[in-house]
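Fold and contact review
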Amino acid sequence: SLGVYCNMKSLSMSNVETVIVFRALAPLLVSVLDATFLGREWPSPRSWGALTIIATGAYGYAMTDEQFQTQGYLAYFWPTLYLFCHF
């Protein structure tokens with residue numbers, strides 16, 4: 001499947017930590033898409049707080065990741081594709 005291919009490309013082009021960080025962003029994406037397209041309830045303020053902490057951690061990781069500093073957004077192409085193909 002496309003998700004498995006993107007995962008393997010992610011692992012070959014970046015490190016395991018990057019793939020884990022992108023995978024940790026999935027609940028944020030799922031909660032927004034569920035509320036937008038399926039008419040489900042938006043996350044509670046407490047859940048938004050937890051999702052914000054996850055997003056802040058991912059941003060902090062990206063700012064300190066050597067691959068991101070040298071390659072820029074290209075370093076995160078396959079992990080991003082993996083995140084979106086997982087749905």
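Because the structure is predicted, anything quoted here is derived from the model rather than measured.

**Overview of the nonpolar core**
- Core analysis: the largest hydrophobic core is formed by 12 residues, namely Val21, Phe22, Leu25, Ala26, Leu29, Ala58, Tyr61, Ala62, Phe68, Ala75, Tyr76 and Leu83.
- Of all the secondary structure elements, the ones that give two or more residues to this core are helix H2 (16-24), helix H3 (26-37) and helix H4 (45-64).
- Broken down by element, the residue count for this core peaks at 3 residues, all from H4.
- Excluding anything up to four places from it in sequence, alanine 75 contacts Ser14, Gln67 and Phe68.

**Section: a nonpolar patch on the surface**
- A surface patch of nonpolar side chains, amounting to about 460 Å² of accessible area, comprises Val4, Met8, Leu11, Val16 and Ile20.
- Counting only elements with at least two residues in the nonpolar patch, the list comes to helix H1 (2-13) and H2.
- At 3 residues, the largest contribution of residues to the nonpolar patch is made by H1.
- For valine 16, a relative accessible area of 48% corresponds to the partly exposed category.

**Overview of the packing of H1 against helix H6 (residues 77-85)**
- In contact at an axis separation of 8 Å, H1 and H6 are set at 155° when each is read in the N-to-C sense. Between H1 and H6, the interaxial angle falls into the category roughly antiparallel. As for the relative orientation of H1 and H6, their crossing is left-handed in sense. Of H6, the residues touching H1 (which contributes Leu2, Gly3, Tyr5, Cys6, Asn7, Lys9, Ser10 and Met13) are Trp78, Pro79, Leu81, Tyr82 and Cys85.
- Split by residue class, the contact of H1 with H6 holds 9 nonpolar, 3 polar and 1 charged.

**Quick notes on the environment of alanine 75**
- Locating alanine 75 in the fold gives a position in the loop between helix H5 (66-71) and H6.
- Alanine 75 sits in the buried class, given a relative accessible area of 4%.
- Each C-alpha atom of the pair alanine 75 and asparagine 15 lies 10.0 Å from the other, and the pair is 60 residues apart in sequence.

**Some words on the confidence of the model for the protein chain**
- Scored by pLDDT, the protein chain has a mean of 91; 99% of the residues are at 70 or more.
- Here H5 is the element of the protein chain with the lowest mean pLDDT, 83, and H4 is the one with the highest, 95.

**Side note on H4**
- With 20 residues, H4 ought to run about 28 Å at 1.5 Å a step, and its terminal C-alpha atoms sit 29 Å apart, in line with that.
- Every buried residue of H4 is accounted for by Leu51, Ala58, Tyr61 and Ala62. Each buried residue of H4 lies within a common arc of 100° when the element is viewed along its axis, so the set occupies one face. For H4, exposure combined with an orientation more than 90 degrees from the buried face picks out Pro45, Arg46, Ile53, Thr56, Tyr59 and Thr64.

How each quantity is defined
Residues numbered from 1 in each chain as written. Predicted model: local features only at pLDDT ≥ 70, side-chain atom pairs only at ≥ 80, totals over all residues. Heavy atoms only, no water. Core = buried A, V, L, I, M, F, W, Y, C linked by side-chain atoms within 4.5 Å. Buried < 20%, exposed > 50% of the residue type's maximum accessible area, 1.4 Å probe, protein only. Helix = DSSP H or I, 4+ residues; strand = E, 2+ residues; numbered from the N terminus. Contact = heavy atoms within 4.5 Å. Patch = residues over 30% accessible without salt bridge, like charges linked within 9 Å, V, L, I, M, F, W, Y side chains within 5 Å. Areas by Shrake-Rupley, 256 points an atom, 1.4 Å probe, with all protein chains shown as cover. Salt bridge = Lys/Arg side-chain N within 4 Å of Asp/Glu carboxyl O. Axes fitted to C-alpha atoms, helices over the stretch in contact; angles between N-to-C directions. Parallel < 35°, antiparallel > 145°, perpendicular 65-115°, else oblique. Left-handed = near helix turned anticlockwise from the far one by under 90°. Nonpolar A, V, L, I, M, F, W, Y, C, P; charged D, E, K, R; others polar. pLDDT = per-residue confidence, 0-100. Expected span 1.5 Å × (residues − 1). Arc of directions from axis to C-beta.

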